[in-house]
Amino acid sequence: QVQLVESGGGLVQAGDSLKLSCAASGRTYSMGWFRQAPGKEREFVAVISWSGGGSAYVDSVKGRFTISRDYVKNTMYLQMNNLKPEDTAVYYCAAGRGWGLLKERKDYDYWGQGTQVTVSS
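Keep in mind that this is a model prediction, so the values were computed, not measured.

**Notes on the nonpolar core**
- In terms of nonpolar packing, the biggest core is built from 26 residues, with Trp33, Phe65, Leu78, Met80 and Tyr91 touching the most fellow members.
- At the level of secondary structure, the elements contributing two or more residues to this core comprise β3 (18–25), β4 (31–36), β5 (43–48), β7 (65–70), β8 (75–80), β9 (89–96) and β11 (115–120).
- Apart from the residues within four sequence positions on either side, Tyr91 is in contact with Glu6, Leu20, Trp33, Phe34, Arg35, Val45, Phe65, Leu78, Met80, Gly114, Thr115 and Val117.
- Grouped together as the second largest cluster of nonpolar side chains are seven residues, Phe34, Phe44, Ala94 and Tyr108 included.

Written out as C-alpha coordinates, the structure reads:
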(Lines give C-alpha, C1' and ligand atoms only; values in the text may rest on other atoms or scores of the structure.)
Protein backbone atom coordinates (compact mmCIF):
# COMPACT_ATOMS: atom_id res chain seq x y z
CA GLN A 1 0.00 0.00 0.00
CA VAL A 2 1.29 3.44 -0.96
CA GLN A 3 0.16 6.69 0.60
CA LEU A 4 0.77 10.01 -1.12
CA VAL A 5 0.57 13.47 0.43
CA GLU A 6 0.83 16.61 -1.71
CA SER A 7 1.83 20.05 -0.51
CA GLY A 8 2.95 23.36 -1.92
CA GLY A 9 -0.16 24.69 -3.60
CA GLY A 10 -1.38 28.24 -3.18
CA LEU A 11 -2.57 31.47 -4.74
CA VAL A 12 -0.07 33.24 -7.00
CA GLN A 13 -0.06 35.79 -9.79
CA ALA A 14 0.58 35.06 -13.43
CA GLY A 15 4.30 34.71 -14.07
CA ASP A 16 5.06 33.47 -10.56
CA SER A 17 6.47 30.08 -9.58
CA LEU A 18 5.39 27.30 -7.24
CA LYS A 19 6.93 23.98 -6.28
CA LEU A 20 4.64 21.11 -5.44
CA SER A 21 5.81 18.17 -3.36
CA CYS A 22 4.43 14.65 -3.09
CA ALA A 23 5.69 12.61 -0.16
CA ALA A 24 5.24 8.88 -0.59
CA SER A 25 5.19 6.04 1.89
CA GLY A 26 5.90 2.61 0.51
CA ARG A 27 7.59 1.46 -2.65
CA THR A 28 6.86 3.50 -5.75
CA TYR A 29 7.58 3.02 -9.45
CA SER A 30 6.70 5.60 -12.06
CA MET A 31 5.04 8.66 -10.60
CA GLY A 32 3.05 11.41 -12.16
CA TRP A 33 1.12 14.63 -11.72
CA PHE A 34 -2.41 15.23 -12.93
CA ARG A 35 -4.67 18.25 -12.57
CA GLN A 36 -8.37 18.93 -12.62
CA ALA A 37 -9.90 22.31 -13.27
CA PRO A 38 -13.53 23.06 -12.36
CA GLY A 39 -15.91 21.41 -14.78
CA LYS A 40 -13.14 19.57 -16.61
CA GLU A 41 -11.76 16.07 -16.70
CA ARG A 42 -8.64 15.22 -14.74
CA GLU A 43 -5.73 15.53 -17.16
CA PHE A 44 -2.18 14.30 -17.31
CA VAL A 45 0.50 16.91 -16.58
CA ALA A 46 3.84 15.15 -16.14
CA VAL A 47 5.41 11.78 -15.41
CA ILE A 48 8.81 10.60 -14.25
CA SER A 49 9.98 7.06 -14.78
CA TRP A 50 10.97 4.67 -12.02
CA SER A 51 14.66 5.26 -12.70
CA GLY A 52 14.24 9.01 -12.95
CA GLY A 53 15.96 8.91 -16.31
CA GLY A 54 12.91 9.76 -18.32
CA SER A 55 10.09 12.27 -18.09
CA ALA A 56 7.23 13.53 -20.20
CA TYR A 57 4.88 16.51 -20.12
CA VAL A 58 1.63 17.65 -21.59
CA ASP A 59 2.34 20.16 -24.36
CA SER A 60 0.82 23.10 -22.48
CA VAL A 61 3.43 22.95 -19.70
CA LYS A 62 6.55 22.01 -21.65
CA GLY A 63 9.37 24.44 -20.96
CA ARG A 64 7.64 25.78 -17.83
CA PHE A 65 7.21 22.75 -15.53
CA THR A 66 9.89 20.31 -14.35
CA ILE A 67 9.22 17.01 -12.63
CA SER A 68 11.83 15.41 -10.38
CA ARG A 69 12.13 12.94 -7.55
CA ASP A 70 14.34 12.42 -4.49
CA TYR A 71 14.76 8.71 -3.78
CA VAL A 72 16.24 9.26 -0.32
CA LYS A 73 13.21 11.29 0.76
CA ASN A 74 10.82 9.21 -1.39
CA THR A 75 9.37 12.47 -2.62
CA MET A 76 8.40 13.74 -6.04
CA TYR A 77 8.33 17.39 -7.04
CA LEU A 78 6.78 19.59 -9.69
CA GLN A 79 8.54 22.91 -10.23
CA MET A 80 6.11 25.24 -11.98
CA ASN A 81 7.48 28.44 -13.50
CA ASN A 82 5.80 31.22 -15.45
CA LEU A 83 2.41 30.15 -14.21
CA LYS A 84 -0.65 31.12 -16.22
CA PRO A 85 -4.31 31.49 -15.20
CA GLU A 86 -5.12 28.37 -17.24
CA ASP A 87 -2.87 26.37 -14.88
CA THR A 88 -5.45 26.90 -12.12
CA ALA A 89 -6.59 23.48 -10.91
CA VAL A 90 -6.36 20.92 -8.16
CA TYR A 91 -3.10 19.05 -8.68
CA TYR A 92 -2.88 15.37 -7.80
CA CYS A 93 0.17 13.18 -7.55
CA ALA A 94 -0.11 9.52 -8.45
CA ALA A 95 1.95 6.36 -8.23
CA GLY A 96 1.79 3.90 -11.07
CA ARG A 97 2.26 0.15 -11.38
CA GLY A 98 4.84 0.34 -14.15
CA TRP A 99 8.30 1.67 -14.79
CA GLY A 100 7.81 3.78 -17.91
CA LEU A 101 6.26 7.06 -18.90
CA LEU A 102 2.67 6.45 -17.90
CA LYS A 103 0.19 9.05 -19.13
CA GLU A 104 -3.20 7.44 -18.56
CA ARG A 105 -5.20 7.61 -15.34
CA LYS A 106 -5.86 3.87 -15.55
CA ASP A 107 -2.13 3.18 -15.18
CA TYR A 108 -2.03 4.65 -11.68
CA ASP A 109 -3.08 2.78 -8.57
CA TYR A 110 -2.51 5.35 -5.86
CA TRP A 111 -3.55 9.00 -5.63
CA GLY A 112 -2.97 11.86 -3.25
CA GLN A 113 -5.71 14.08 -1.88
CA GLY A 114 -4.83 17.00 -4.15
CA THR A 115 -3.51 20.51 -3.63
CA GLN A 116 -5.11 23.65 -5.02
CA VAL A 117 -3.15 25.92 -7.34
CA THR A 118 -4.79 29.22 -8.24
CA VAL A 119 -3.15 31.65 -10.66
CA SER A 120 -4.62 35.13 -10.90
CA SER A 121 -4.19 37.31 -13.96
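Next comes the rest of the write-up.
**Side note on the pattern of salt bridges**
- The final tally for this structure, using the stated rule, is six salt bridges.
- Here Arg35 ties to Asp87 by a salt bridge, and the two come within 3.0 Å at their closest N and O atoms. Of this pair, Arg35 sits in strand β4 while Asp87 sits in the loop between β8 and β9, and the two are 52 residues apart along the sequence.
- On the basis of relative accessibility, which here comes to 5%, the residue Arg35 falls in the buried class.
- One salt bridge in this structure joins Lys106 and Asp107, with 3.6 Å as the shortest N-O distance.
- You can call Asp107 buried: its relative accessible area is 18%.
- Within the structure, one salt-bridge network assembled from shared partners comprises Arg35, Glu43, Arg64 and Asp87.

**Observations concerning the sheet that holds β8**
- Reading across the sheet, the four strands line up as β1-β3-β8-β7 and stay open at both edges, with antiparallel pairing between neighbours. Strand pairing shows two members of the sheet lacking a second neighbour, β1 (3–7) and β7, which therefore form its edges. Here the strands of the sheet are splayed against their neighbours by 15 degrees on average, with no regard to which way each runs.
- Note that β1 and β3 share five bridges and pair antiparallel. Bridge assignment links Val5 to a residue of β3, and that residue is Ala23.

What counts and how
- Residues numbered from 1 in each chain as written.
- Predicted model: local features only at pLDDT ≥ 70, side-chain atom pairs only at ≥ 80, totals over all residues.
- Heavy atoms only, no water.
- Core = buried A, V, L, I, M, F, W, Y, C linked by side-chain atoms within 4.5 Å.
- Buried < 20%, exposed > 50% of the residue type's maximum accessible area, 1.4 Å probe, protein only.
- Helix = DSSP H or I, 4+ residues; strand = E, 2+ residues; numbered from the N terminus.
- Contact = heavy atoms within 4.5 Å.
- Salt bridge = Lys/Arg side-chain N within 4 Å of Asp/Glu carboxyl O.
- Pairing = 2+ DSSP bridges.
- Axes fitted to C-alpha atoms, helices over the stretch in contact; angles between N-to-C directions.

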